Structures are given as structure tokens and as C-alpha cells.
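Remarks on the overall topology
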Amino acid sequence: MNIISKSTMAMGIAAVMASCTNTPQTIDQQVDALYAKMSQEERIAQLHGLYMTQFFDENDKLNEDLCKEKLSNGVGHFSQFALNVQRNPDQLRDMVAQMQAWLIKNTPNGIPALLHEEVLSGVNGMDATVYPQQIGLACSFNTELAEQKTYQTGAALRQIGGFMALSPMVDVVRNPSFNRLEESYGEDGYLSAALGTAFVKGLQHGDLKEGVAACTKHFLGYGGGGDADKKELMEEILLPHETIIRTADSRVLMPGYHAVDGTKCVANKNLLQEILRDYLKFDGIVVSDYGAIEQIDDNMNDVQRAAAALNAGNDVDFPEGNSYRHLPEAIKQGLTTQENLETAVKRVLKIKFLVGLMDKDAKLYDEGHIEWDTPAERETAYKLATQSVVLLKNNGILPLKQPSKIALTGPNAGNMWPMLGDYTYQAMRFFWKTSIESDMHPRIVNLRDGMTNKLPEGSTLMYSRGCDWTEEVETVVESSGDPRVAYLVNIQNRMIDSGEEANLNEALEIAKKSDVIIAAVGENAILCGENRDRKHLRLPGKQEEFVEKLAATGKPVVLVIFGGRAQVISNIVDKCAAVIQAWYPGEEGGNALADIIYGNVAPSGKLSVSYPAEEIHEDICYNYSVDKDPRVAYPFGYGLSYTTFDYSNMQMEATSDVKAERFAVSVDVKNTGNVDAEEIVQLYVSPVDNVANHKPIQLQGFKRVALKAGEAKTVTFQVSPQQLGYYKNNEWNITPGKFMIKIGASSVDIRAEKEINLTGEETTMPLRTAYFAE
């Protein structure tokens, strides 16, 4: 199929822009001029999306008659355009080219559509690189590599004509059982803010005309904290959104499905106006989560719900504008105003100008062949996977001694599903479309593949699945008011078929013949994710019983746990020689884990959550107390290595003025073992005075440092006194007083500490200007 040439597209857009002005204007002036030319129907069309695939036949040819019927006034957005169809990037680009050309040529003002997709773990499309899930990536504490990942993702999405992404999810999640914990960066606001900011900076390329507009979600407290007191809400739950908006220039935000103070977020004026726009000075667009406006209030009708969302400050109705099509009637009834409509439409038009859709020489997609999942992208996926894995226990069995007879078993050993978190193309297609995608688009390396590929000379690898994930459906659909619930009940009542037999006796036989057993257990895409709740946090099905039978052979068991959240293993951990938390490690997960198990790479991940020792269905967080929580098996920031590290010579001035720009904290870190490795040095702050204004302990800096065996380096943090401040009376306050600055290998493993005295007069500011230690 021929694609539309850039020159032809540019001529169409140029004609639109030339009709707006004959002299150079600011973006706001161009938006005003374009808005003035639009009919009311065109304006409202900019406030909703549609699914693009409905306009194409089975041969990917645009149905122009349907376009004339449904798109005569244009459209603001196309929703999830890559996920909804099994097409490679060249085919997707060709479809986008046809659609944009039609819109530019056949609608009154020739305005291109803004196409969006999910990109949490890479572009949500066939052939796109699958990076580790966010909860695992958070354990890398690597902002530089996280930014590199999304830089690659932004470039890939832009190639096929995508200009906006409905990512990242930056909810601060403290409930270990929350079904969407895997999409988050864990329980800490500071870590979530640092990694979320890196995500957006990478995705947007520092220039929206080169990158992709990011969308932070879910505003505010959907993953927990929405009902927190105002102080915690503003200091911690808000922090990721605040830093992304103020330091990464994010221009798109999505409210959550939930209610705060009794009002759904998408219609919550306190959140969307007072906090978001008045306090944070956000000047971008607010887009609804899919179908969220329809869930505002069952006692309202469609017209009232549409007005409530627009009045609160929600600009766009996703995915198909089912609510905002009622806006003309809402204005007619006086439930909302033309001024509110104008504000929302102009915000949408402005983002289209900012991303370059309206440029006279607009590049709407790449021409020529598009290659996704390049060697460079796979290398990034591999590096992130190796750094995301957390070694929880090791009695010395790892790395494996060579040569060894290895028995590999378990439901997550020989298939692609443990590599794939929710909001990957494969998991989304399975859950929402009931379609099982190939593990070759891209190539998903499972654990068996990786251990076979990298098997050391002289060693042998035996394999038998041995156990299935579950014997019956274990998940239930949450009753959240989601209008999709009837459909969800139908698609949820099923299990994943691995395509292979789980023969317990065969697995036990190879275990008895082995020197060591690798047991791959945990969750999969039907057992964890959005709208998927399990009743407990223990291993699913009969997996725990299976591990006990393996241990009963007398051979050492290395437990490799996959999934989207920490799982309670207290009943079996003492029977295992080692425990690895692998999360959903992405397309290179099998290779990364094999390299760690065989000792080619030392594990370096640190927990981004408090790992529970028992069933916990409420919020927990390391910063609630400096004392160890007995319900927690492994604390935030914890993770073992194949070597040991010594911390010494902490240096810091004893005082700093509250108005100082920064004060320095340094520590020497030495690799005292015989294995090259990386350590994540963590800086925490605890109050000595004014304890009521601060959490007992709070992460305020971290640095990943590579150290060869025997090597030492000095790690220096430049800390802003603003990081020692607190929220009060709608301002940021920095008060003189004493604080303990702590350097640790985890939140409870503090290796050095010194007291600092902040001096001077109490200072207040509307908003912080410094958020992170440098």
C-alpha cells in the first residue's frame, strides 16, 4: 500500500494555517484564530476520541463513506490505535497515513487527529519491544536507564504516527494486594517521582515536536492515598505528578476512576482546578480514563454527567465521546457554559500545535520501512531486566557451581506469560480480546530459553513443567461501577492454557536426579492486573504444595517468583536455598535471569515495596516508622548481591542555612568481595526536632554505583534544604531544626549517619523548586 507523501500532507496543513494568519503569531494566537473559524460541531468533535480500526476494511483500506458519516466534523483523538489491531508497524503507519490525509483534505478545517497508545512497558503494539514492568523497573533505582527506555519508546511510537501516550502510571501504591500495583513504582513518593520524571523526560525527548506527549495518571490517589490526610496527600501522593509537571513539562493528565471526598475525580473541581491548575499551575489538557465520565453518579443523566466533568476541568472524553456528545444539550440547559467549552477545545488545539501536528511541514509519521525491537532496544530491555531482579535469599547456592545437573520446573519456566505484565500488547490482547499472541513478535525469551541459551559447558538442563498456575479460576472482577463489568465477568472466567502438560511425577523424577532445582512460580496475566483480584497473596493454585514436594527431594531449591506484586512465601521460604523476585522482566527476562543464576551478572535490584510476611490488605510503608514492621519479611530498599559492600568515611557539614541552595553529603563505598557488582546507595532523612511535621524516615536520594571487586568510590549527594521541608497552609515550609542524615543499603540497614542543623529563619514558598538530591 502506498503511503501519502509528506509533501502532500504538508500542503494540506499549510493551507489550513495560511487561512488562519498571514503574519507570524504565537501558538495561543493561532489557536484563537482557528477556534473562531470552527463550527460548534467541529469544536465538540475535538473533545472526544474514536477507535480508528472501525474505518478500515479487512485489507486495511479506508472506508471513506464511513468517514463521511462519522468524521465530517473531524475528530480530536484516536484511542489505542496500535493495540486494537494485529498489524506490524509498517501496516499501522499506512493506516494512520490514510486517515490523516482524509481528515486534512475532507474536514472543514483540516485538523489532524491526535493518536494515543499505552506505553508503560514499551509501545502497546505487535513487534514492539517489551521492557520490564514498572514495579520491577523501580527496583533498578536507575533513572538514566529508565529515561533511555522511554526515549526509545517515544521514537518508536512517533514512527507510526502516535503523538501522545497514556503513560506513566505514577500512583503511590502501599497496599500489597492492589491489583494494579505492578504498573506503579511502588510505595515511595520520592522514588516514584524520580522514575516518573525520567519516564516523561525520555518519552518527550526534551521537545514535544520530536517526542511524544506523556500523560500522568491517575490523579489523585487511585492506587491509594486518595483518602489520606491533606498533608500526606500533598507531600507524598501528589509528589510524582508535581515533579513531572514542574520539571519535565508534562502537558497531559488523567484523573482516576475513584472518588475523593465523595466526588469522582473526573468531576472533582477541588482536584482538577484548585490543586492541579491553581496550586501546581498545570496548563495542559485533562483527559478522562476510559468511560470514567459515565461512572460519575448514577443519579445523574448523561447530560448532567457531561456538564459535571467539563465544569470540573476535564477536557476530553475517552475513548469515544459517549458523554461529551451531550454537551450541546448541557449548554442549552444552562448546566455548563460556552466559555467552559471554549477553554477545553483551545487546550486540545494547543497540544496539537505543541506536538507539531499543525506545522506547515508537519511530519506525521516515518516513511519507508519501520524496524521495531532493534538490537539497541533489546539491549536496554536486557539491562533493565538484570537490574530489576531482586535476590531475597541466598544460602550460597547462587551463583550455581559448574558443572551442575539442573532441574528446571514450574508453571512459569517454559512460556512467555511470566515475562509480560499488564498493559503489554500481549497481556492486553489476551485479557480484552481473548487473543493469544505469538512469542515471536517480538521474540519473548522465557526462562527455559535463557537457561538453555547460556548453559555453561559441562552442565545439563532437564525440564518438566510439573505444576500448573491454578486448577480453577482464582480471580474475581472487582465491583467498581465499571460499565464493562458484564463483559469482564465473561472474559475473566477462564485460565491461560500454557500448551504443555504439567506432570508432577516427571518433575519430581528430574528433581531427584539433579544437583539443584530451579522452581519458577507465581502469577500470570490473568492472575494479576487491572480488574483482576485474587483472594490472597500466597502463590496461586497448588504451587506452594508443589515447592514443598520439590524440597522434600532433599535437593536445594532456587525459587524464582514472577508476578506483579510481592507474594507471601513465609510457609516455604525456609525450605528454599535461594529466592529471586523476578517480577515481569520483559522480553529479555529469560536471558537476564539465566545470567544471574549462572553468575555472569551479579544481582543488584532493591525492593521498591515492603515485602509482606503475611496477608496484608491495607497500606504499609517503610516511612511509617523507623522500627521494623513484624509483618514485613524484606524491607523497602533491600536486595542481596553476590558480593559485600563496606560504607565508610561519611562527610557532611554540621549546619546549613534553610535558604542555602544545597549541602553536600558523601560516603565511601567499597566492594569487599571478589565479584564485580553494582550497589544502590540510599540516603534517608529522619527528624530530630519538629517530629510532628515529618515522617520518621524518608528516602531523599539514591545512586547506583558500579564497583569492580576490591574497588572503592566516593558517592556524593547534593541535598537541598527544601527536601527537609513540609506542606502546611497551602505552602511549602522550611523550618530551622535538627535532622539525621542517614546512608543505607536499605531503609533498615543504615550504615552511617550524621546530624545536620538547619539554621536561619523559617521560610515559606508557594511551591518547591528543588525536589531531588543531585
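These lines cover the structure that appears in this document, whether it is placed above or below.

Before going further, it helps to spend a moment on the pattern of salt bridges. A side chain of one charge can pair with a side chain of the opposite charge if their charged atoms are brought near each other. Taken as a whole, this structure holds 44 salt bridges when the rule is applied. Residues D595 and K454 are paired through a salt bridge, measuring 3.3 Å at the closest nitrogen-oxygen approach. With D595 in helix α21 (residues 589-598) and K454 in the loop between α17 (447-453) and β12 (460-464), the pair connects residues that are 141 residues apart, well separated along the chain. A relative accessible area of 4% places D595 in the buried class. Classification of K454 as partly exposed rests on a relative accessible area of 29%. For the salt bridge of D749 with R751, the shortest nitrogen-to-oxygen distance reads 3.0 Å. On the basis of relative accessible area, D749 is assigned to the partly exposed category, the value being 30%.

A few words now on the packing of aromatic side chains. One pass over the structure, following the stated rule, counts 16 aromatic pairs. Seen in terms of ring centroids, Y634 and Y638 are 5.3 Å apart; in terms of plane orientation they differ by 20 degrees. Their pairing is stacked. As far as burial versus exposure is concerned, Y634 and Y638 are alike and both buried. An aromatic cluster is built from F141, Y190, Y622, F636, Y684, F702, Y771 and F772, whose rings are joined through pairwise contacts. Across from the ring centre of W469, 4.6 Å away, lies the NZ or CZ of R465, which sits over that ring. Above the ring of F431, the side-chain terminus of R532 is found at 3.7 Å from the ring centroid.

A separate point is helix α10 (residues 239-247). Most of α10 sits out of view: seven of its nine residues are buried. Every buried residue of α10 is accounted for by L239, P240, H241, E242, T243, I244 and I245. Elements that come into contact with the buried residues of α10 comprise α8 (189-204), β5 (215-219), α9 (230-237), β6 (252-255) and α11 (269-279). Positive backbone phi, approximately 60 degrees, marks D249, located one or two places after α10.

Going through the model one piece at a time under the given rule, you end up with four cavities of 30 Å³ or more. In this model, the largest cavity occupies a volume close to 280 Å³. For the largest cavity, the lining is made up of 19 residues, of which E235, Q698, Q700, Q723 and G725 are closest to its centre. Among the elements of the structure, α8, α9 and β24 (698-707) are those that each provide at least two residues to the lining of the largest cavity. Considering only residue class, the lining of the largest cavity consists of seven nonpolar, eight polar and four charged.

Right, let's talk about the sheet that holds strand β11 (residues 405-409) for a bit. In spatial order, the strands read β10-β17-β16-β14-β11-β12; together these six strands make up an open sheet with mixed pairing. Sheet topology places β10 (390-394) and β12 at the edges, where each strand pairs with a single neighbour. If you compare each strand with its neighbour and ignore which way they point, the axes differ by 20 degrees on average. Relative to strand β17 (residues 578-583), β10 runs antiparallel, the two sharing four bridges. Each residue of the ladder has a partner; that of L391, found in β17, is I580. Lying over the sheet, helix α19 (residues 504-513) contacts β11, β12 and β14 (516-522), oriented at roughly 160 degrees with respect to β12.

A word on the packing of helix α2 (residues 27-37) against helix α14 (residues 338-354). The contact between α2 and α14 brings their axes to 9 Å, and the two run at 125 degrees. In terms of orientation, α2 and α14 fall into the oblique class. Judged by the twist between their axes, the crossing of α2 over α14 is right-handed. When α2 is examined against α14, the residues I27, D28, Q30, V31, D32, L34 and Y35 are found in contact with a partner set consisting of Q338, E342, V345, K346, L349, K350, F353 and L354. The residue inventory of the contact of α2 with α14, partitioned by class, reads eight nonpolar, two polar and five charged.

So, about the environment of R251. Position of R251 among the secondary structure elements: in the loop between α10 and β6. Accessibility expressed as a relative area gives 14% for R251, which makes it buried. C-alpha of R251 to C-alpha of L354: the two residues are 103 residues apart in sequence and 9.5 Å apart in space. Excluding its chain neighbours within four sequence positions, the residues that come into contact with R251 are Q204, L208, A214, F282, D283, G284, I285, K350, I351 and L354.

For E474, the position within the fold is in the loop between β12 and β13 (475-476). On the accessibility criterion, E474 (17% relative accessible area) is buried. Reaching out from E474, the side chain makes a polar contact with the side chain of R534 at a distance of 3.3 Å. Only 2.6 Å separates the side chain of E474 from the backbone nitrogen of G541, close enough to count as a polar contact.

Turning next to the sheet that holds β24. Within the open sheet, the five strands sit side by side as β21-β29-β28-β23-β24. Their pairing is mixed. In the strand order of this sheet, the two ends are held by β21 (655-657) and β24, each with one partner. Put simply, the sheet's adjacent strands are angled 25 degrees from each other on average, direction ignored. Here strand β23 (residues 677-687) runs beside β24; their pairing, made up of nine bridges, is antiparallel. Residue pairing in the sheet places Q682 in a bridge with F702 of β24.

With their axes 10 Å apart at the nearest point, helix α7 (residues 143-159) and helix α15 (residues 375-388) run at an angle of 145 degrees to one another. Of the two possible hands of crossing, α7 and α15 adopt the one that is left-handed. Each of L145, A146, Q148, K149, Q152 and A156 in α7 lies in contact with α15, whose residues at this interface are A376, E377, T380, K383, L384 and Q387. Residues belonging to the contact of α7 with α15 are distributed by class as follows: five nonpolar, four polar and three charged.

Thresholds, definitions, all that
- Residues numbered from 1 in each chain as written.
- Predicted model: local features only at pLDDT ≥ 70, side-chain atom pairs only at ≥ 80, totals over all residues.
- Heavy atoms only, no water.
- Salt bridge = Lys/Arg side-chain N within 4 Å of Asp/Glu carboxyl O.
- Helix = DSSP H or I, 4+ residues; strand = E, 2+ residues; numbered from the N terminus.
- Buried < 20%, exposed > 50% of the residue type's maximum accessible area, 1.4 Å probe, protein only.
- Phe/Tyr/Trp six-rings, centres within 6.5 Å; stacked < 30°, edge-to-face > 60°.
- Lys NZ or Arg CZ within 6 Å of the ring centre and 35° of its normal.
- Contact = heavy atoms within 4.5 Å.
- 1 Å grid on protein atoms, 1.4 Å probe; cavity = no way out; pocket = protein on both sides within 12 Å on 5 of 7 lines; lining within 4 Å.
- Points joined across faces, edges and corners; volume = space filled by probe spheres on them.
- Nonpolar A, V, L, I, M, F, W, Y, C, P; charged D, E, K, R; others polar.
- Pairing = 2+ DSSP bridges.
- Axes fitted to C-alpha atoms, helices over the stretch in contact; angles between N-to-C directions.
- Parallel < 35°, antiparallel > 145°, perpendicular 65-115°, else oblique.
- Left-handed = near helix turned anticlockwise from the far one by under 90°.
- Polar contact = N/O pair within 3.5 Å; in protein donor to acceptor, adjacent residues only side chain to side chain.

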